[in-house]
Amino acid sequence: MHFKNDKAIPLPIIRGIHQSWGYDKGDADFSVTELLQPPKVRALSIQHKDELVQDYSNSIASFIGTSVHKMLEDGNADDENLITEMRINSSLVVDGKYYTISGCVDLIDKNQNKIIDFKTTSAYAVLGDKIEWEQQLNIYAYLYALEFEKDELPSAEIQAILKDWSKSRAKNSNTYPRSPIFVKPIMIWKKGDIEEFIKERIRLHIDALENPQDVICSDEERWMSAKGKANRCEDWCNVNEFCDQYKNNMEENK
Ligand code: SF4
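Please read these numbers as outputs of a predicted model, since none were measured by experiment. (Residues numbered from 1 in each chain as written. Predicted model: local features only at pLDDT ≥ 70, side-chain atom pairs only at ≥ 80, totals over all residues.)

Student: Honestly, the packing of helix α3 (residues 39–47) against helix α8 (residues 191–210) in this entry has me stumped. Any pointers?
Tutor: How two helices pack is summed up by the angle between their axes together with the distance between the axes. Relative orientation of the contacting elements α3 and α8 amounts to 45°, with a least axis distance of 9 Å. The orientation of α3 relative to α8 falls into the category oblique. Like other packed secondary-structure pairs, α3 and α8 cross with a definite hand, here right-handed. Residue-level inspection shows Pro39, Lys40, Arg42, Ala43 and Ile46 of α3 in contact with α8, the latter providing Leu204, His205, Ala208 and Leu209. Partitioning the contact of α3 with α8 into residue classes produces six nonpolar, one polar and two charged. (Axes fitted to C-alpha atoms, helices over the stretch in contact; angles between N-to-C directions. Helix = DSSP H or I, 4+ residues; strand = E, 2+ residues; numbered from the N terminus. Parallel < 35°, antiparallel > 145°, perpendicular 65-115°, else oblique. Left-handed = near helix turned anticlockwise from the far one by under 90°. Contact = placed C-beta atoms within 7 Å. Nonpolar A, V, L, I, M, F, W, Y, C, P; charged D, E, K, R; others polar.)

Student: Even after reading the chapter, I still don't get the nonpolar core, so can you show me in this structure?
Tutor: Nonpolar side chains in soluble globular proteins generally cluster together in the buried interior. Counting 30 residues, the largest nonpolar core has Ile115, Ile139, Tyr140, Ala141 and Tyr144 as its most contacted members. Among the elements of the structure, α2 (32–36), β5 (97–109), β6 (114–121), α6 (131–147), β7 (155–162) and α8 are those that each provide at least two residues to this core. Tallying contributions element by element places α6 first for this core, with nine residues. In this structure, Tyr140 is in contact with Val32, Gly103, Val105 and Ile115, ignoring residues within four places of it in sequence. (Core = buried A, V, L, I, M, F, W, Y, C linked by C-beta atoms within 7 Å. Buried ≥ 20, exposed ≤ 12 C-beta atoms within 10 Å, placed from the backbone.)

Student: Help me out: how do you make sense of unusual backbone geometry in this one?
Tutor: Leave glycine aside and you will find that most residues have negative phi; peptide bonds, for their part, are mostly trans. Look at Glu149: it is not a glycine, yet its phi comes out positive at around 50°. As for its placement among the helices and strands, Glu149 is situated in the loop between α6 and β7.

Student: I'm lost on the pairing of β7 in this one. Help?
Tutor: Residues in a regular strand project their side chains so that they alternate between the two faces of the sheet. Side chains Ala156, Ile158, Ala160 and Leu162 of β7 all project onto a buried face; the interleaved residues Ser155, Glu157, Gln159 and Ile161 project onto a face where none is buried. Sheet topology note: the β6/β7 ladder contains eight bridges and is parallel. The residue bridging Phe118 from the neighbouring strand is Gln159, located in β7. Judged from the six bridges that link them, β7 and strand β8 (residues 181–186) form a sheet pairing that is antiparallel. Counterpart to Ile161 in the pairing with β8 is Ile181. (Pairing = 2+ DSSP bridges.)

Read these as geometric descriptors, not functional statements.
Shown next as structure tokens:
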């Protein structure tokens, strides 16, 4: 991956962004984030890894998120009941082959048998259901139970910091979050269902590597707007220049 700076972001901020690039999945086959990526995106990213170019301006959201996570990690480090930023690697067998999954759980409350994931996001993001958050925390719950040899899966919640929260909107709406911190409980599935879900994601990713162009990203994966704009493809997918599906859709919509 190469980086460019088309928006002329000042050097001190570029250095801060570089400083925030800490997470490494190590020798694992998949990070949890990768597992939840559209298989076509991951497969094209691997196929074109030496040609990929990303603008630093697209790293700002993750830079803010990582910085906030660091403060939360440091701020909670001395509480003996809590484990912060715990990396967990676990293997499971899919179609006769071992695959290792790596995840980082933001906070584990040992007394309450609860895992917590911090998000820095918009107020809009917490108003509806986000299935990817549910999937992510279910995988973490599964990894955590394996790591600690627990029969019972932990409960889980998102603690979201709403970057754009507005006091006046909160006053004038019944549905808008009441506070810039929003706590969202996450439903935990049955253990067997999580395991099947993980295995299915692994299969999809392995199949996609065979021929990425034959794989189709769904409308949900493409973040289709009500007006028919594929938001992810157009603005957020760093493999769009290598993607036939995107190019064909652009041709059709001309
Ligand atoms: S450009 Fe769109 S269709 Fe192509 S890989 Fe990216 S998200 Fe999927």
